[in-house]
Amino acid sequence: MNWNAIAAIYRFEMARTFRTLMQSIVSPVLSTSLYFVVFGAAIGSRIDQVEGVSYGAFIVPGLIMLTVLTQSTTNASFGIYFPKFIGTVYELLSAPISFFEIVIGYVGAAATKAFMIGLIILATAHFFVDLTIAHPVWMMAFLVLTCISFALLGFIIGIWAQNFEQLQLVPLLVITPLVFLGGSFYSISMLPPVWQTITLFNPVVYLISGFRWAFFGMADVSLGWSVLAIAVFMTTCLATIGWIFRTGYRLRS
Amino acid sequence: MKDLVRNALLNNKQPAATLGDSMTTILNVSDVTKTYEGGHQALKGVDLEIEEGEILALLGPNGAGKTTLISIICGIATASSGTITVGGFDHVRDYRAARNLIGLVPQEINLEPFETVMNSVRFSRGLFGKPRDDARIEEILKLLSLHDKKDSRIMTLSGGMKRRVLIAKALCHDPKILFLDEPTAGVDVELRKDMWDIVAKLKQTGVTVILTTHYIEEAEAMADRIGVISKGEILLVEDKDALIKRLGQKELLIELDNPIEALPEALASHPLTVSDDGGLIYTYDAQAGSTGITGLLADLREAGLHMSDLSTRQSSLEDIFVDLVKEDAA
Ligand SMILES: Nc1ncnc2c1ncn2[C@@H]1O[C@H](COP(=O)(O)OP(=O)(O)OP(=O)(O)O)[C@@H](O)[C@H]1O
Ligand SMILES: [Mg+2]
């Protein structure tokens, strides 16, 4: 393994993150606070409790997931798209590094940033609601795995994208709707039976459900399904990236 | 005259004499072809052998395939067929070992605008698996007269400085082979001379340099050998000194008061030919101690030929280059 190369990519990307730290932190903190005001205070006053948890607390895992999914995807897609766009990708292609090392560097950095933002949102949430986390280790595990798997997805998008519109398309058109419809702000059991069935095809449901279970010990689907869903998603992304580097798809002419 | 030199060049296909057995091949390109997705064949079976420590200038017009060839060797593009070894390592199977030996300065100025020079060079060194060594990087920056800019952001540098940053990035992992793809494109005269000095310094440290250029003058100033590529084919690779020496061949054109049809018997001992307009053409080596011109003039007078005018001409590398490429295009 070319560890120095992995470290170089990781440090380079993290330096970019820290250069724009204020932007990176202010906007998620602000939007999270707004969600609490709108959903927690306005709507929550009418919903009161969901399966024994106050509505304000109930939406915390979903809110974290919403931001973390978007952040890890966009960070990673931008991270690899930018060198392609300005042409510095020649360095990656001509260096003695394997595709796996490139992925660890870029995806690692993107996931780290998303993870930090997830923790910041959790801290922000504490100002608004009382939270006790039932299974903190599971909570962290879900958070880390989610950051990594969606950073992998973002990496694929960054390589696939040929312009900035395409780069923003997937997070905007796919991820945000999936998260909103994935039970961030409600329990699946609140839906009519037909919709409950349809929702089960949304992979994000399993993530949010598992994550929420880590917080409150209750879930829409069983924990095993959630873990399996992440594993399948991650494997699919890794396989796709492996194929990209073998064929040089949109990287090597 | 051009034909004369041209034939001399093209008949001399074996490696130049200065490359003795003691030298080792560091780069071997064997029958490499490249067809781009659109169907354009950019390389048509390129063979090239580079000796350790030499400087090769690859001359060729726009679209000849210079960048394509370099990109394939460095791993940025994939060859359609053929094999390449770098320091004996296959550039696909043993890509790590092969690429460790190579530094690449691309034709385009591709740099991260917001990074500092130092950070950017550090990143490159890291990519090649070398531990951080700022002292070594500063040495390289000094060599390139960039040291005072080490903490400047790249976007604040001039074009010539940016090009030098690219060179620093390529050199920071101490490669044995350096590719310079048009190092002096868009660079002023002074910086061009600087570039020549830099290449000379690199040569002293034993680095093998392969550079591409459109300028003959540049190839002459920097290279040990000169290759000419056009339309994806290498037309010739020649030792520069031998080339220049052959170019030392000059012609003396003698116009006569009374044009002649055939060469008089009395002048048969001289390397003379009769020109189309009935004058004489005398071929000689300008660098040789004795040109034989004095003797010739005496013999001319004796043979009763009266000269009306004299002129000399010399073919330049430029002529040959243009000639070769034109012929190839026809
Ligand atoms: N990515 C690509 N896709 C399709 N065709 C390409 C691509 N890159 C180069 N070509 C074509 O291949 C040929 C060789 O291009 P190349 O860039 O190697 O030339 P060059 O000798 O470096 O020219 P220049 O002196 O202008 O830099 C050209 O006809 C070019 O149009
Ligand atoms: Mg080129």
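A quick note: this is a predicted structure, and the numbers were derived from the prediction, not measured. (Residues numbered from 1 in each chain as written. Chains lettered and ligands numbered in written order. Predicted model: local features only at pLDDT ≥ 70, side-chain atom pairs only at ≥ 80, totals over all residues. Heavy atoms only, no water.)

Participant: Help me out: how do you make sense of the pattern of salt bridges in this one?
Facilitator: Opposite charge on two side chains lets them pair, provided their charged atoms get close. A full pass over the atoms with the stated rule returns 16 salt bridges over all chains. Residue Glu 91 of chain A pairs with Lys 169 of chain B through a salt bridge whose shortest N-O separation is 3.0 Å. Of this pair, Glu 91 of chain A sits in helix α4 (residues 89–94) while Lys 169 of chain B sits in helix α6 (residues 159–171), each in a different chain. Judged by its relative accessible area of 7%, Glu 91 of chain A falls in the buried class. Among the residues examined, Lys 169 of chain B registers a relative accessible area of 6% and is labelled buried. Here Glu 54 of chain B makes a salt bridge to Arg 225 of chain B, at a shortest N to O gap of 2.7 Å. Here the residue Glu 54 of chain B occupies a position in the loop between β2 (41–51) and β3 (55–59), and Arg 225 of chain B occupies one in strand β9 (residues 225–230), the gap between them amounting to 171 residues. By relative accessible area, which is 8% here, Arg 225 of chain B ends up buried. A single salt-bridge network, built from bridges that share partners, covers Glu 13 and Arg 16 of chain A together with Glu 112 of chain B. (Salt bridge = Lys/Arg side-chain N within 4 Å of Asp/Glu carboxyl O. Helix = DSSP H or I, 4+ residues; strand = E, 2+ residues; numbered from the N terminus. Buried < 20%, exposed > 50% of the residue type's maximum accessible area, 1.4 Å probe, protein only.)

Participant: What exactly am I supposed to notice about the coordination of the magnesium ion (ligand 2) here?
Facilitator: For a metal bound by four donors in a tetrahedral arrangement, the ideal donor-metal-donor angle is 109.5 degrees, while six donors in an octahedral arrangement ideally sit at 90 or 180 degrees. Residue and element names in this part refer to chain B. Those donors, Thr 67 (OG1) and Gln 107 (OE1), are the protein atoms that reach the magnesium ion (ligand 2), and they lie 1.9 to 2.1 Å from it. One end of the pair, Thr 67, is in helix α2 (residues 66–74); the other, Gln 107, is in the loop between β6 (102–105) and α4 (117–127), and 40 residues separate them in sequence. Residue classification places Thr 67 among the partly exposed residues on the basis of a relative accessible area of 31%. (Donors = N, O, S within 2.8 Å, 3.2 Å for Na, K, Ca; no water.)

Participant: When you look at the packing of aromatic side chains in this model, what are you seeing that I'm missing?
Facilitator: Geometrically, a pair of aromatic rings is defined through the distance of the ring centres and the angle of the planes. Residue and element names in this part refer to chain A. This model, assessed by the stated rule, comprises 20 aromatic pairs over all chains. Judged by centre distance (6.4 Å) and plane angle (50°), the ring pair of Tyr 106 and Phe 155 falls under tilted. Taken together, the residues Tyr 106 in helix α5 (residues 99–128) and Phe 155 in helix α6 (residues 136–160) connect sequence positions 49 residues apart. Here Tyr 106 and Phe 155 have matching classes, each one buried. Aromatic ring contacts, followed pair by pair, group Phe 99, Phe 100, Tyr 106, Phe 155 and Phe 245 into a single cluster. Over the aromatic face of Phe 58 sits the side chain of Arg 212, whose NZ or CZ is 3.7 Å from the ring centroid. (Phe/Tyr/Trp six-rings, centres within 6.5 Å; stacked < 30°, edge-to-face > 60°. Lys NZ or Arg CZ within 6 Å of the ring centre and 35° of its normal.)

Participant: Explain the site of ligand 1 here, please?
Facilitator: Residues and elements named next belong to chain B. Taken together, the neighbourhood of ligand 1 is formed by 14 residues, with Asn 62, Lys 66, Thr 67, Thr 68 and His 214 sitting nearest. A distance of 2.8 Å separates an oxygen atom of ligand 1 from a polar backbone atom of Gly 63. Considered on its own, ligand 1 offers 630 Å² of accessible surface; in the complex 66% of this is hidden by protein. A total of three residues in the shell around ligand 1 trace back to one element, the largest contributor, which is α2. Of the residues belonging to the shell around ligand 1, the class tally is four nonpolar, eight polar and two charged. (Near = heavy atom within 4 Å. Polar contact = N/O pair within 3.5 Å; in protein donor to acceptor, adjacent residues only side chain to side chain. Areas by Shrake-Rupley, 256 points an atom, 1.4 Å probe, with all protein chains shown as cover. Nonpolar A, V, L, I, M, F, W, Y, C, P; charged D, E, K, R; others polar.)

Participant: Where do I start with the confidence of the model for chain B in this structure?
Facilitator: Note that predicted coordinates carrying low pLDDT should not be read in detail. Overall, the predicted model of chain B reaches an average pLDDT of 86, with 88% of residues at or above 70. For this predicted complex, the interface confidence comes out at an ipTM of 0.88, alongside a pTM of 0.83. (pLDDT = per-residue confidence, 0-100.)

Participant: What is the right way to read the pairing of β2 of chain B from this model?
Facilitator: All names here are of chain B. The sheet contact formed by strand β1 (residues 25–35) and β2 spans eight bridges and is antiparallel. Counterpart to Thr 35 in the pairing with β2 is Gln 41. The loop that links β1 with its antiparallel partner β2 comprises five residues; one of these, Gly 39, has a positive phi angle of about 100°. (Pairing = 2+ DSSP bridges.)

Participant: It is not clear to me how the environment of Arg 96 of chain B should be interpreted in this structure. Could you clarify?
Facilitator: Among the secondary structure elements, Arg 96 of chain B is positioned in helix α3 (residues 95–100). Of the residues examined, Arg 96 of chain B reaches a relative accessible area of 28% and is grouped as partly exposed. For the pair Arg 96 of chain B and Gly 186 of chain B, spaced 90 residues apart in the sequence, the C-alpha separation amounts to 33 Å. Once you skip the residues sitting within four places of it in the chain, Arg 96 of chain B turns out to touch Asn 2, Pro 96, Ile 97, Ser 98 and Glu 101 of chain A. (Contact = heavy atoms within 4.5 Å.)

Participant: Honestly, a nonpolar patch on the surface in this entry has me stumped. Any pointers?
Facilitator: All names here are of chain A. On the surface, Met 1, Trp 3, Phe 100, Ile 104 and Leu 238 cluster together into a nonpolar patch covering about 510 Å² of accessible area. Summarising the element assignment, Ile 104 is placed in helix α5. Its relative accessible area of 31% is what places Ile 104 among the partly exposed residues. (Patch = residues over 30% accessible without salt bridge, like charges linked within 9 Å, V, L, I, M, F, W, Y side chains within 5 Å.)

Participant: Just to check I follow, could you spell out the confidence of the model for chain A for this structure?
Facilitator: The predicted model of chain A has a mean per-residue pLDDT of 88, with 100% of residues at 70 or higher. α4 of chain A holds the highest mean pLDDT among the elements of chain A, 95, whereas strand β1 (residues 49–50) of chain A holds the lowest, 78.

Participant: Please explain the interface of chain B and chain A as it appears in this structure.
Facilitator: Often, the extent of an interface is quoted as the loss of accessible area on bringing the components together. Residue-level contacts link 31 residues of chain B with 26 residues of chain A. Summing the contributions of chain B and of chain A, the shared interface buries around 2600 Å²; its carbon and sulfur component is 56%. Among the residues chain B hides against chain A, the three largest losses belong to Glu 112, Phe 123 and Leu 127 of chain B. Together they make up 26% of the total. Here Glu 101 of chain A makes a salt bridge to Arg 96 of chain B, at a shortest N to O gap of 3.0 Å. One can count 12 residue pairs in polar contact (both at pLDDT 80 or more) joining chain B with chain A. When residues of the side of chain B that touches chain A are traced back to their parent elements, those giving at least two are α3, α4 and α6 of chain B. The greatest single-element share of the side of chain B that touches chain A, amounting to five residues, is contributed by α4 of chain B. Considered class by class, the residues forming the side of chain B that touches chain A number 15 nonpolar, eight polar and eight charged. (Buried area = accessible area lost by both parts, 1.4 Å probe.)

Participant: Is there a simple way to think about the sheet that holds strand β14 (residues 307–314) of chain B in this case?
Facilitator: Hydrogen bonds between backbone atoms are what pair the strands of a sheet, whose relative direction is either parallel or antiparallel. All names here are of chain B. In spatial order, the strands read β12-β13-β11-β14; together these four strands make up an open sheet with antiparallel pairing. Of all strands in the sheet, those with a lone pairing partner are β12 (272–274) and β14, marking the two edges. Averaged over neighbouring strand pairs, the angle between their axes works out to 25° when direction is ignored. Inspection of the sheet shows strand β11 (residues 249–256) paired to strand β13 (residues 280–285) by six bridges, in the antiparallel sense. When the bridges of β13 are listed, Glu 251 appears paired with Thr 283. (Axes fitted to C-alpha atoms, helices over the stretch in contact; angles between N-to-C directions.)

Participant: How should the side chain of Glu 101 of chain A be read in this particular structure?
Facilitator: The topology assignment puts Glu 101 of chain A in helix α5. Polar contacts involving the side chain of Glu 101 of chain A include one to the main-chain amide nitrogen of Asn 2 of chain A, which spans 2.8 Å. A polar side-chain atom of Glu 101 of chain A sits 3.0 Å from a polar atom in the side chain of Arg 96 of chain B. Once residues within four sequence positions are removed from consideration, Glu 101 of chain A is found in contact with Met 1, Asn 2, Ile 6, Ile 9 and Pro 96 of chain A together with Arg 96 of chain B.

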